[in-house]
Amino acid sequence: MSQPQAGMPALTVLLAAPRGFCAGVDRAIRIVEEALRRHGAPVYVRHEIVHNRTVVEDLAARGAVFVEGLDEVPDDGRPVILSAHGAAKSVHAEAARRALFMLDATCPLVTKVHREAERHHARGRHVLLIGHAGHPEVLGTLGQLPPHAVTLVEDAAAARRVSPPANLPLAWTSQTTLSVDDTAEIVAILTGRFPGIAGPAREDICYATSNRQAAVKAMVERGAEAVIVIGAPNSSNSVRLAEVARRAGARAAVLVQGPEELDLTCLEGIATVGVTAGASAPESLVRAVLARLRAHHAVTVREVRVAEERIAFRLPHVLAAD
C-alpha cells in the first residue's frame with residue numbers, strides 16, 4: 001500500500017488482482033522472445049502476437065516482423081509464429097505446403113475450443129459459436145470446420161432469432177474473452193429455445209477473463225466510482241472489462257492504452273477509482289498509469305484480490321528443449 005502525498009487532492013486507487021498478462025499471453029510472448037534468442041532476427045509473426053501496442057512495438061524493435069498473411073513471409077527458413085488467437089486450418093495447411101518453420105503460439109484454451117468444435121461436428125452437430133464477428137479468435141474457430149458447419153451468435157438478440165438447420169442436433173461453444181454475464185444470458189436463451197443443445201464440459205470463457213471481470217465487479221462493490229482499464233481497443237477482454245464496470249455501477253469506465261491517453265478530467269469529483277489491465281497489457285503500463293495519477297493526486301493504493309492465478313503453459317517442444 002502506498003501513502004498519500006500532502007498538498008494534492010486525495011484519491012484512493014483500488015488495484016484489481018488479478019490483472020494484466022494471462023498464461024496464454026505470457027506463453028505467446030515468450031515464444032517470440034525465445035525464437036529471437038535462438039534464431040536471431042527476423043522472426044515473422046502472423047497478426048499481432050497479442051492485442052497490445054506496447055508489446056508489439058517492443059518485439060518489433062527486437063526483430064519481430066508482423067505480417068497479415070503467410071503470403072508476406074519469404075521462403076527463407078525463418079521462424080513463422082501464429083498469434084495467441086489461433087488460426088484456421090487453411091493457414092496451417094498453407095504453412096505445411098510451403099514447409100515453413102512454423103511455431104504455434106495459439107493459447108491452449110483457444111485450442112480447447114477448436115477441439116470441442118471438431119468433436120461436435122464429428123458427432124453430426126451443427127455448432128452455434130458465441131462470439132464477435134471479425135475477431136481473430138472467432139475467425140480461427142470458424143476455420144476449424146467446413147463452411148456452413150458453424151453459425152455465429154453475437155448477442156442475445158441474435159440468439160433469439162438464430163435459425164440453425166432444422167435437421168441437425170445442435171451444440172454451442174464460445175470465444176474465450178467474452179463477458180461472463182452476456183454469455184450466460186445468450187446460453188440461457190439458446191438452451192431455452194433448443195432444449196437438446198449440447199455444451200462444453202467446462203465453460204469456454206477462460207479463467208483469466210472470468211477473474212478479471214470478477215475483480216472489476218469487486219472494485220465497484222468496494223466503492224470505485226470510476227474504473228480505468230488499461231488495454232487496447234481491439235482487445236476483446238479489455239473492452240469487456242470496461243463494459244462490466246459500467247454495468248456494475250461505475251459512474252465512468254475508460255479504456256486507455258497507456259498513461260498518455262488518460263484524461264484526468266474523468267476523475268473530477270471522484271474520490272475512489274479502480275485500475276485494472278486487460279490480459280494483453282503488461283504491468284509496466286499499470287505502473288505508468290499509477291505514476292500519472294500520483295503526479296496529480298495524493299494517491300493511496302489498495303489491492304482488491306479475488307483469485308490467485310498459478311497457471312502456466314509450456315513452450316512448444318522445439319523451443320523448450322535446450
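Use the structure listed above.
All of the points below concern the structure found in this document. Quantities reported herein were computed from a predicted structural model and do not represent experimental measurements. (Residues numbered from 1 in each chain as written. Predicted model: local features only at pLDDT ≥ 70, side-chain atom pairs only at ≥ 80, totals over all residues. Heavy atoms only, no water.)

1. As for the overall build of the chain
So, step 1. When helices and strands are counted, the chain shows 11 helices and 12 strands.
So, step 2. Computed over C-alpha atoms, the radius of gyration of the chain comes to 21 Å, within 12% of the 20 Å expected from 2.2 N^0.38 for 322 residues, which places it in the range of a compact globule.
So, step 3. Principal-axis analysis of the C-alpha atoms places the extent of the chain at approximately 65 × 55 × 30 Å.
So, step 4. The 322 residues of the chain split such that 55% are buried.
So, step 5. Expressed as a percentage of contacts within the chain between residues at least 6 apart in sequence, the contacts between residues at least 24 apart total 79%.
So, step 6. Only carbon and sulfur atoms are counted for the fraction: they give 52% of the accessible area of the chain, which is about 14200 Å².
So, step 7. Looking at charge distribution, the chain has the averaged site of its 35 positive side-chain charges lying 5 Å from that of its 35 negative ones. (Helix = DSSP H or I, 4+ residues; strand = E, 2+ residues; numbered from the N terminus. Rg over C-alpha atoms; globule rule 2.2 N^0.38 Å. Buried < 20%, exposed > 50% of the residue type's maximum accessible area, 1.4 Å probe, protein only. Contact = heavy atoms within 4.5 Å. Areas by Shrake-Rupley, 256 points an atom, 1.4 Å probe, with all protein chains shown as cover. Lys, Arg positive; Asp, Glu negative; His and termini not counted. Charge placed at Lys NZ, Arg CZ, Asp CG, Glu CD.)

2. As for the pairing of strand β1 (residues 10–17)
So, step 1. In terms of burial, β1 is a largely internal element, seven of the eight residues being buried.
So, step 2. One ladder, built from four bridges, connects β1 with strand β11 (residues 272–277); its direction is parallel. The residue of β11 that forms the bridge with L14 is G274. (Pairing = 2+ DSSP bridges.)

3. Concerning helix α2 (residues 53–61)
So, step 1. Within the sequence span of α2, burial applies to V55, V56 and L59. Along α2, the residues classed as buried sweep out an arc of 95° about the axis, all on the same side. Residues of α2 that are exposed and point more than 90 degrees away from the buried face comprise E57 and A61.
So, step 2. On its buried side, α2 packs onto α1 (23–39) and β3 (64–67).
So, step 3. Two or three places before T54, at the start of α2, stands the capping residue N52, its side-chain oxygen 3.0 Å from that residue's backbone nitrogen.
So, step 4. After α2 finishes, the residue G63 shows a positive phi value of roughly 120°. (Arc of directions from axis to C-beta. Polar contact = N/O pair within 3.5 Å; in protein donor to acceptor, adjacent residues only side chain to side chain.)

4. Topic: the pattern of salt bridges
So, step 1. Evaluation of the coordinates by the stated rule reveals 22 salt bridges.
So, step 2. The partner of R115 in a salt bridge is E118, with the nearest N and O atoms 2.6 Å apart. One end of the pair is R115 and the other is E118, both in helix α4 (residues 108–122) and three residues apart, which spans about a single turn.
So, step 3. Of the charged contacts in the structure, one is a salt bridge between R160 and E185, with a shortest N-O distance of 3.7 Å. A residue pair is termed long-range when its members are at least 10 positions apart, and R160 in helix α6 (residues 156–161) and E185 in helix α7 (residues 180–193) qualify at 25 residues.
So, step 4. Residue E185 is classed as partly exposed on the basis of its relative accessible area of 38%. (Salt bridge = Lys/Arg side-chain N within 4 Å of Asp/Glu carboxyl O.)

5. So, α1
So, step 1. The terminal C-alpha atoms of α1 lie 24 Å apart, and with 17 residues this matches the ideal 24 Å at 1.5 Å per residue to within 8%.
So, step 2. Regarding α1, the residues found buried are A23, G24, V25, R27, A28, I29, I31, V32, E34, A35 and L36.
So, step 3. Where α1 ends, the next residue or the one after it, G40, has phi of about 75°, a positive value. (Expected span 1.5 Å × (residues − 1).)

6. A word on the side chain of R240
So, step 1. Within the secondary structure layout, R240 lies in helix α9 (residues 236–248).
So, step 2. Here E243 takes part through its side chain, which lies 2.9 Å from a polar atom of the side chain of R240.
So, step 3. Residues within four places of R240 in sequence aside, it is in contact with H132, T177, L178, S179 and Q213.

7. Quick look at unusual backbone geometry
So, step 1. For the bond from A17 to P18, the omega torsion is 5°, close enough to zero to count as cis.
So, step 2. Residue position: P18 is located in the loop between β1 and α1.
So, step 3. The amide bond that connects A41 to the next residue, P42, takes the cis arrangement and shows omega of 0°.
So, step 4. Following the sequence through the fold, P42 ends up in the loop between α1 and β2 (43–46).
So, step 5. Of note in the backbone geometry, A99 takes a positive phi value of approximately 55° without being a glycine.
So, step 6. Overall, the relative accessible area of 65% leaves A99 in the exposed class.
So, step 7. Unusually for a residue other than glycine, H148 sits at a positive phi of about 75°.
So, step 8. As for its position among the elements, H148 is in the loop between α5 (136–142) and β7 (150–153).

8. Focus on the side chain of H47
So, step 1. Along the chain, H47 turns up in the loop between β2 and α2.
So, step 2. Polar contacts involving the side chain of H47 include one to the side chain of E68, which spans 3.1 Å.
So, step 3. Not counting residues within four places of it along the chain, the set of residues in contact with H47 comprises F66, V67, E68 and S83.

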